[in-house]
Amino acid sequence: MRQLQSTKLCIADAFYMLAHAHSALPDSRPFVKTAIALGALLACVSAAAQETSPTPPAAAPASAAGQGQASTDSPATVTVTTKRNANRIDRQVYDVKADPASSNDTVADTLNKVPSVAVDADGGVTLRGKSNVQVYIDGKPSAMMQGDNRAAAINALPAADLESVEVITNPGAQFGNEGGGGPILNLVMRRERTPGGFASVNANAGTEGRFNVNSFGSYTTGRLSVQGGVFGRRDKRESSGETVRERINPASGAIARSTSVSHSDTENDTVGMTGNFSYNLGDKDVVALSVMASGTDSDSASNERYEGANFAGALESDYLRQSTREGRNRNYSLSTRFDHKGDAQGENFKMDLRVSGSSNEGDLRNATAYTVRPVTAQGALTRQDNEFENRIVDFTGDYELPGEHGTFRTGYKLARTSSVFDNAYLDIDEATLAERVNTGRTNRFELDETTAALYASYQWRINRDWSVQGGLRAEYTDVDMFQATTNVRAGNNYLDAIPSAFVTYGLSDDTTLRLNYAHRIRRPGAGDLNPFVVYGDEFNVSSGNPDLRPSDSDSLELGVETKLGKVDTTVRLYARRDTDLINERRVFLANNVLLTTKENAGSSNSGGLEFTLGGKVTDKLSVNASGNLAYSEQDVLGSASADKRTATSLSGRARIGYQYDRNNSFQLMLNAQGKTLFGEGYRQPTRTADFTYRHNLAPALSLVLNVNDLFDSSKIETITETDRLRQYSIRRNNGRTFTVGLSYRFGSFGNNNGQRPMMRPGGPGMGPGGPGGPGGFGGGGGPGG
């Protein structure tokens, strides 16, 4: 009776939260309010299930991460045990759950705390200064993490849904090359594997109307495990920028100068959900179903003042443009998996079928007031209706067989990627407001890519100290392009052999040496290949290049992982060479119009020294730090003398945590990124700082305060230098923001006397987690793509 009353009270509180959300947030979109109520209801359901169910005699079935080892205790029960892995032979693993800011952060915020990873305000992800980074979800590629969709996804997904982040700088043979072909960041989604019920609810409110809510619940009994979460977020982004452009006449040295000053405000409303179901069919077989979906609606308003002069210095253009944009982004992923445990110890076979898709729609309206009308000017009123759709169907199989001296792995992949760009440009009559399609600027482009791959690898345990792994991947890709507007078809195909090798030596119980090598292929994406010229404004247009060739990279890395006193330390020396780089190229067309396109940009050499360290300095003080001293050399695009540009940069970050007492903790996150090169120029260094304070109000309830960009120093500053163009651009985003929230967790677990701790005082957080390096689950839904 007491349990029933408790459940009724919980549900009543949930409906009160819904009613309060409608009154407190009258302008919010309905799905945001619904997300708040769903979060509370999910917590109630999970708690009710835990209260009314007997304590299960055994643990859950093997999870979707595939890391458990099952043993039968009875015909109806399978016991699963898991352990945290240290670094594996081909990746570094960073546990992110202990970060006190995770109850408010997005995935983008969390990635910005991983050593050598940087995420800019536009959602662009780099690793060691390189941008061709693949982002996986549970070991597999997803449409939501490719192209322009990635920025929306990582800025929407809550960090609280993450279990760990795996950094795979030199991917092995099991990983494919779609979506970037470079290093991989694998997002391992949260999985609760212990018996019983558990739920958490996080709610945060910030400056200028920002707020977010997310919840997670799980219930595991016998052969069945069910878990999932919902989230909602309202985010406001402000941006101001200035660009100074100088067009150079190489023959005379004359300069035509132009300037633009802009400001924009964007409001994003996001709602999403995740779910996972797994069931043990018997002693050796597990089936699993996972789903993930999110949607973002955005409204933005911007204005830009532009002035441009000719080579004689006379003003030839002067206008003010005001724009409004309504955007709509939708992402989904559905996967089914079957795991079979073989008769041999450790033998395992997995089949995985995934369908993921994303769509981006935008309706942009421009109103331009001309003081000096340029020759290229269009009407004062225009509209652009843009849509991009991407879908991936991915079927993989992976087989693993341990032997007396090593482990053999093999697998296959069949995948189909379909992309569609649909851009409509309309001129609007100022008198009647009637719209007319501008055929010269309206275009539809379709791309289909089919991939078939086989891989095999063998990890040989030579003795107690030495381990060697070698692998080879054969990958065939067929590309079909269709320019629907002009009814032109084109195609291409590639057959690539992709080797990799890893060597590990255990120097002592606390020290491990690692040497690895990987060859990778970066194939151009749909946006890179679309040849149609897309209009930006009177002086800026863009297009892809259907003649792009794949880019090749070879990467070598030597690392040592050790323990210096109480501090876990990793040092890595790395070198990389890229050929046929795919980079942006800017060229002037007639009448001072700048075309941004893509080009194979020669070669690039880079290397550096990277370190990470972390641990408890005292009982109350913990420090996690990382740094990267990098050197890069790259051919300069747009240089008639075939010049090379070089840069030496130092990047670093530090997380300083202080546990004042049992109920109060502080965290300061410092981040500095060094100078980075791109095809025609470079990006200046950046520095930011974030602060988090956490106070335990009760054993299961915490108050969390976050201050992002503490010193209001975030900016993006780029410089372009070629024979015909010099350009300086600076953009600032958001500035300092404050967020305060509550985090509540409850439920039973198979350890800690049935209660999960709210936090880990002084814990390592995202730092190294043992002699092998950073700790965390090594799982991720299968060996790779």
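Residues numbered from 1 in each chain as written. Predicted model: local features only at pLDDT ≥ 70, side-chain atom pairs only at ≥ 80, totals over all residues. Heavy atoms only, no water.

Some details on a nonpolar patch on the surface
Step number 1: Together, Val226, Met273, Phe277, Tyr279, Leu281, Leu289, Val291 and Leu334 make up a nonpolar patch on the protein surface, roughly 620 Å² of accessible area in all.
Step number 2: When residues in the nonpolar patch are grouped by element, the largest group, three residues, is from strand E12 (residues 255-280).
Step number 3: Looking at where phenylalanine 277 falls in the secondary structure, it is placed in strand E12. (Patch = residues over 30% accessible without salt bridge, like charges linked within 9 Å, V, L, I, M, F, W, Y side chains within 5 Å. Areas by Shrake-Rupley, 256 points an atom, 1.4 Å probe, with all protein chains shown as cover. Salt bridge = Lys/Arg side-chain N within 4 Å of Asp/Glu carboxyl O. Helix = DSSP H or I, 4+ residues; strand = E, 2+ residues; numbered from the N terminus.)

Description of the sheet that holds strand E28 (residues 594-600)
Step number 1: Pairing in this open sheet of four strands is mixed, and the strands run E23-E24-E28-E27 from one edge to the other. Looking at the sheet topology across the chains shown, the edges are occupied by strand E23 (534-537) and strand E27 (582-588). Ignoring strand direction, the axes of neighbouring strands in this sheet form an average angle of 30 degrees.
Step number 2: When E23 meets strand E24 (residues 540-542), the two strands line up antiparallel, connected through three bridges. Residue pairing for E24: tyrosine 535 is matched across the bridge by valine 541. (Pairing = 2+ DSSP bridges. Axes fitted to C-alpha atoms, helices over the stretch in contact; angles between N-to-C directions.)

Regarding the pattern of salt bridges
Any two side chains of opposite charge can pair, so long as their charged atoms come close to each other.
Step number 1: Scanning the model with the defined rule gives 48 salt bridges in all.
Step number 2: One salt bridge connects arginine 464 with aspartate 465, and the closest N-O pair in it is separated by 3.6 Å.
Step number 3: On the basis of relative accessibility, which here comes to 28%, the residue aspartate 465 falls in the partly exposed class.
Step number 4: Among the salt bridges present, the one from aspartate 480 reaches arginine 489, with a minimum N-O distance of 3.8 Å.
Step number 5: Each of Glu584, Arg585, Arg586, Glu599 and Glu680 takes part in one network of salt bridges that share partners. (Buried < 20%, exposed > 50% of the residue type's maximum accessible area, 1.4 Å probe, protein only.)

Side note on the side chain of asparagine 545
Step number 1: On the secondary structure map, asparagine 545 appears in the loop between E24 and strand E25 (551-564).
Step number 2: Within polar-contact distance, the side chain of asparagine 545 engages the backbone oxygen of lysine 598 at 3.2 Å.
Step number 3: With residues up to four places along the chain from it excluded, the contact list for asparagine 545 reads Asp528, Leu529, Asn530, Thr597, Lys598 and Glu599. (Polar contact = N/O pair within 3.5 Å; in protein donor to acceptor, adjacent residues only side chain to side chain. Contact = heavy atoms within 4.5 Å.)

Some thoughts on the pairing of strand E14 (residues 315-341)
Step number 1: Two strands pair when backbone bridges link them, and strand E13 (residues 285-309) and E14 are joined in this way by 25 bridges, in the antiparallel orientation. Residue pairing across strands places alanine 293 opposite tyrosine 332, the latter belonging to E14.
Step number 2: Counted between consecutive antiparallel strands, the loop separating E13 from E14 contains five residues, among which glycine 313 sits at a positive phi close to 90 degrees.
Step number 3: Taken together, the 24 bridges between E14 and strand E15 (residues 348-372) define a ladder with antiparallel strand orientation. Paired with serine 333 across the two strands is serine 356, which belongs to E15.
Step number 4: In this antiparallel pair of consecutive strands, E14 and E15, the connection spans six residues, and glycine 346 shows a positive phi of 85 degrees.

Observations regarding the sheet that holds strand E3 (residues 92-95)
Two strands in a sheet stick together by hydrogen bonds in their backbones, pointing the same way (parallel) or opposite ways (antiparallel).
Step number 1: The strand order across the open sheet built from four strands is E3-E7-E8-E6, with neighbouring strands paired in mixed fashion. With one partner strand each, in any of the chains shown, E3 and strand E6 (134-137) form the two edges of the open sheet. Mean inter-strand twist for the sheet, computed between neighbouring axes without regard to direction, equals 20 degrees.
Step number 2: Strand direction decides the pairing type here: E6 and strand E8 (residues 184-189), joined by four bridges, are parallel. Within E8, the position partnered with valine 135 by the bridge is leucine 185.

Some details on the nonpolar core
Step number 1: Leu111, Met145 and Leu187 are the most contacted members of the largest nonpolar core, which totals 26 residues.
Step number 2: Taken together, the elements giving at least two residues each to this core come down to helix H3 (107-111), strand E4 (117-119), strand E5 (125-127), E6, helix H4 (149-154), strand E7 (162-168) and E8.
Step number 3: The residues contacting leucine 111, other than those within four sequence positions of it, are Val117, Val119, Val165, Leu185, Leu187 and Arg653.
Step number 4: If you look at the next biggest cluster of nonpolar residues, it comprises 11 residues, including Phe388, Phe421, Phe445 and Val479. (Core = buried A, V, L, I, M, F, W, Y, C linked by side-chain atoms within 4.5 Å.)

Considerations on the packing of aromatic side chains
Step number 1: All told, the structure shown has 10 aromatic pairs when counted by the stated rule.
Step number 2: Note on tyrosine 136 and phenylalanine 175: the rings are 6.1 Å apart at their centroids and 50 degrees apart in plane angle, and the pair reads as tilted. In this pair, tyrosine 136 sits in strand E6 while phenylalanine 175 sits in the loop between E7 and E8, placing the two residues 39 residues apart along the sequence.
Step number 3: Given a relative accessible area of 1%, tyrosine 136 falls into the buried group.
Step number 4: Looking at phenylalanine 175, the relative accessible area reads 2%, which means it is buried. (Phe/Tyr/Trp six-rings, centres within 6.5 Å; stacked < 30°, edge-to-face > 60°.)

A look at unusual backbone geometry
If a residue is not glycine, its phi is most likely negative; likewise, a peptide bond is most likely trans.
Step number 1: For leucine 433, which is not a glycine, the phi torsion comes out positive at approximately 65 degrees.
Step number 2: Within the secondary structure, leucine 433 is located in the loop between strand E17 (406-428) and strand E18 (435-437).
Step number 3: On the basis of relative accessibility, which here comes to 56%, the residue leucine 433 falls in the exposed class.
Step number 4: The backbone of aspartate 580 sits at a positive phi, close to 55 degrees, despite the residue not being glycine.
Step number 5: Take aspartate 580: it is sitting in the loop between strand E26 (567-579) and E27.
Step number 6: By relative accessible area, aspartate 580 is classed as partly exposed at 26%.

Digging into the environment of glutamate 246
Step number 1: With respect to the element layout, glutamate 246 can be found in strand E11 (residues 224-248).
Step number 2: Residues glutamate 246 and phenylalanine 311, spaced 65 residues apart in sequence, show a C-alpha to C-alpha distance of 9.9 Å.
Step number 3: Excluding residues within four positions of it along the chain, glutamate 246 makes contact with Ile255, Ala256, Arg257, Arg724, Leu725 and Arg726.

Examining the environment of arginine 383
Step number 1: Tracing the backbone shows arginine 383 in strand E16 (residues 381-402).
Step number 2: Judged by relative accessible area, which is 12%, arginine 383 ranks as buried.
Step number 3: C-alpha separation for the pair arginine 383 and tyrosine 425, spaced 42 residues apart in sequence, amounts to 6.0 Å.
Step number 4: Arginine 383 has contacts with Asp363, Leu364, Arg365, Ala424, Tyr425, Leu426, Ile428 and Glu435, leaving out every residue within four places of it along the chain.
Step number 5: In this structure the side chain of arginine 383 is engaged in a polar contact, spanning 3.2 Å, whose partner is the side chain of aspartate 363.

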